[in-house]
Amino acid sequence: MRHKQSAAGMQVLYARVCGLDVHKKSVMACLRVLDPKSGRVDITVRAFGTMSEDLLELRHWLKDGQVTHVAMESTGVYWQPVYNLLEDHFESWVVNAQHIKKVAGRKTDVSDAEWIAQLLQCGLLRPSLVPDRAQRELRDLSRQQTKLVQQRNAVNNRIQKVLESANIKLGSVASDVLGVSGRKMIEALISGEKDPSVLAELAQKKLRDKIPQLRRALAGELSDHHRFMLGELLVQYDFINQRIQVMAQRIDEVAPRPFVAAVQKLDAIGGVAERGAKALLAETGTDMTRFPTHKHLASWAGQCPGNHESAGKRKGGKTPAANRHLDAVLTEMAHAAVRKNNSYFKAQYHRLAGRRGKKRAIGAVKHSLLVTIYYILRDDKPFQDLGPNHFNSLNPQQRIRFHVRKLQELGHTVELSPITNAA
């Protein structure tokens, strides 16, 4: 389908562009070419399939049209094979679907492709950050490893449920049911051992101090069904654990040298372990120069308040939706960071949790962690904790007034005098 349109009243930034409306089985492409003499735009719309042969045909068609810029929506995973085939040949943009909504009631695949192409040609679209192919592969590996860890945790929980159903309270005594001691006890239970004293003697190291509690906890009613279920779950647990190790080894093999160096720097931050650092860097990358400031990184990661203002009134500041994988990693890091004693992040959390709530306090810690990581990677500097007294040192007079007011509320008269150091 082909027709012409006047470009009057619109500022055209790119003369030859294409908008793609990508679906699972089809791609609707709209080619817009500006005639510099007449000022009119030649529009051609054509449908393609999504098989490799069809996408190669799309690429040849765009080359024949001398296209310079291509834009498509970030719909699920369907944009990825299209982007992979076009990124080395054109300026390819993946744009947020919320930025290109059409008027309700006038939506078709053809009109969507035309609208994307028109917005692109007039410079009204902003490309999303799409990392290079090496980082995208690291992302796939890291996300797969995270999924496997979640599956392993689910199997671990299932093992504990089977033990509880047999009234074996191993999880009430041992912090790690599948640790060295717990694993030996479960294997002995599967093999048919029933004597709680014999089972308790399998405890190792510090757990041996709890042998009397273990004797009581291991005195349950384990049936053949329970033994079968525990055996199957242990096999499944070991298989998933093996796959996690394979995935970790693959990440170490393909990770570039800057990635490894960045992981070592971030590992020094309280709450950021090696696996967490790898998962985070797989999402953000190691090059922070792509973000002009730390605010741009926080906005891209969805770790800042949103803007919703009308008639001079702020309606709300809900955190915008962003990369859920990165958000999950930051949440895990924040919960670990606030448990580290004598740290800035713990002080920040407790400073906010009482008056703003625990969720908002964790959100603030996530933002602080992200800002810290930004400056460590951008400036190539080691991590230095500000300490738990950082907030007290910012405005000491405010702290003094606060404590004086509290004492006065309790009915005391307060007189302050500075302490002079002895000569």
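Scroll up to find the structure this text is about.
Here's what I pulled together on the structure shown here. (Residues numbered from 1 in each chain as written. Predicted model: local features only at pLDDT ≥ 70, side-chain atom pairs only at ≥ 80, totals over all residues. Heavy atoms only, no water.)

### Digging into helix H3 (residues 109-121)
- The end-to-end C-alpha distance of H3 is 18 Å, a good match for the 18 Å that 13 residues give at a rise of 1.5 Å each.
- With 10 of 13 residues buried, H3 is to be regarded as a mostly interior element.
- Where H3 is concerned, the buried positions are Ser111, Asp112, Ala113, Glu114, Ile116, Ala117, Gln118, Leu119, Leu120 and Gln121.
- One or two positions beyond H3, positive phi appears at Gly123, with a value near 75°. (Helix = DSSP H or I, 4+ residues; strand = E, 2+ residues; numbered from the N terminus. Expected span 1.5 Å × (residues − 1). Buried < 20%, exposed > 50% of the residue type's maximum accessible area, 1.4 Å probe, protein only.)

### Here we look at a positive patch on the surface
- Side chains of Arg351, Arg355, Arg356, Arg360 and Arg399 sit close together on the surface and give a patch of like positive charge.
- The dominant element in the positive patch, judged by the number of residues it contributes, is helix H14 (residues 344-356), at three residues.
- Note on placement: Arg399 falls in helix H17 (residues 396-409). (Patch = residues over 30% accessible without salt bridge, like charges linked within 9 Å, V, L, I, M, F, W, Y side chains within 5 Å. Areas by Shrake-Rupley, 256 points an atom, 1.4 Å probe, with all protein chains shown as cover. Salt bridge = Lys/Arg side-chain N within 4 Å of Asp/Glu carboxyl O. Lys, Arg positive; Asp, Glu negative; His and termini not counted. Charge placed at Lys NZ, Arg CZ, Asp CG, Glu CD.)

### Regarding the side chain of Asn156
- Within the secondary structure layout, Asn156 lies in helix H4 (residues 133-165).
- Discounting residues that sit within four places of it in the chain, Asn156 has contacts with Leu178 and Tyr237. (Contact = heavy atoms within 4.5 Å.)

### Points about helix H1 (residues 52-64)
- Spanning 13 residues, H1 covers 18 Å between terminal C-alpha atoms, matching the ideal 18 Å at 1.5 Å per step.
- Within H1, the full set of buried residues consists of Leu55, Leu58, Arg59, Trp61 and Leu62. Looking straight down H1, one finds that the buried residues subtend no more than 160° of arc, so they occupy a single side. For H1, the exposed residues set more than 90 degrees away from the buried face come down to Glu53 and Asp64.
- The inward-facing, buried residues of H1 contact strand E2 (16-22), strand E3 (26-34), strand E4 (40-49), strand E5 (69-73) and helix H2 (79-86).
- One or two positions beyond H1, positive phi appears at Gln66, with a value near 55°. (Arc of directions from axis to C-beta.)

### Brief notes about the pairing of E2
- Of all seven residues in E2, six are buried; the element is thus mostly enclosed.
- Pairing analysis gives seven bridges linking E2 to E3, with the strands arranged antiparallel. The partner of Val17 across the bridge, within E3, is Arg32.
- Where E2 meets E5, four bridges bridge the pair, whose relative direction is parallel. The residue bridging Cys18 from the neighbouring strand is Val70, located in E5. (Pairing = 2+ DSSP bridges.)

### Section: the nonpolar core
- Among the nonpolar cores identified, the biggest contains 76 residues, and Ile159, Leu163, Leu170, Leu214, Leu266, Leu280 and Leu369 are the most heavily contacted of them.
- Broken down by element, this core gets its largest block of residues, 10 residues, from helix H15 (residues 358-379).
- Excluding its chain neighbours within four sequence positions, the residues that come into contact with Leu214 are Leu170, Val173, Met185, Ala200, Ala203 and Leu207.
- Of all hydrophobic cores here, the second largest spans 22 residues; its members include Val22, Val27, Leu55 and Val67. (Core = buried A, V, L, I, M, F, W, Y, C linked by side-chain atoms within 4.5 Å.)

### Some points on the pattern of salt bridges
- Scanning all chains against the criterion turns up 19 salt bridges.
- When the shortest N-O distance is used, the salt bridge between Glu332 and Arg275 registers 3.6 Å. Note that Glu332 is positioned in helix H13 (residues 324-337) and Arg275 in helix H11 (residues 274-284), a separation of 57 residues in sequence.
- The salt bridge involving Asp379 is made with Arg378; its shortest N-O contact spans 2.8 Å.
- A relative accessible area of 30% means that Asp379 is categorised as partly exposed.
- With relative accessibility at 37%, the residue Arg378 sits in the partly exposed group.
- Sharing partners across several salt bridges, the network here consists of Glu87, Arg133 and Arg136.

### Here we look at the packing of aromatic side chains
- Enumeration over the complete set of coordinates arrives at eight aromatic pairs.
- On the numbers, 5.7 Å between centres and 80° between planes, the contact of Trp79 with Tyr83 is edge-to-face. Residue Trp79 and its partner Tyr83 are located together in helix H2, separated by four residues, close to a single helical turn.
- By relative accessible area, which is 12% here, Trp79 ends up buried.
- According to the relative accessible area criterion, Tyr83 is buried, its value standing at 8%.
- When the ring of Phe291 is compared with that of Trp300, the centres are 5.4 Å apart and the planes differ by 45°; the resulting orientation is tilted.
- Owing to a relative accessible area of 24%, Trp300 belongs among the partly exposed residues under this scheme.
- Every member of this aromatic cluster is reached through a ring pair, and the members are Tyr344, Phe345, Phe383 and Phe391. (Phe/Tyr/Trp six-rings, centres within 6.5 Å; stacked < 30°, edge-to-face > 60°.)

Purely spatial values, then, with no claim about function.
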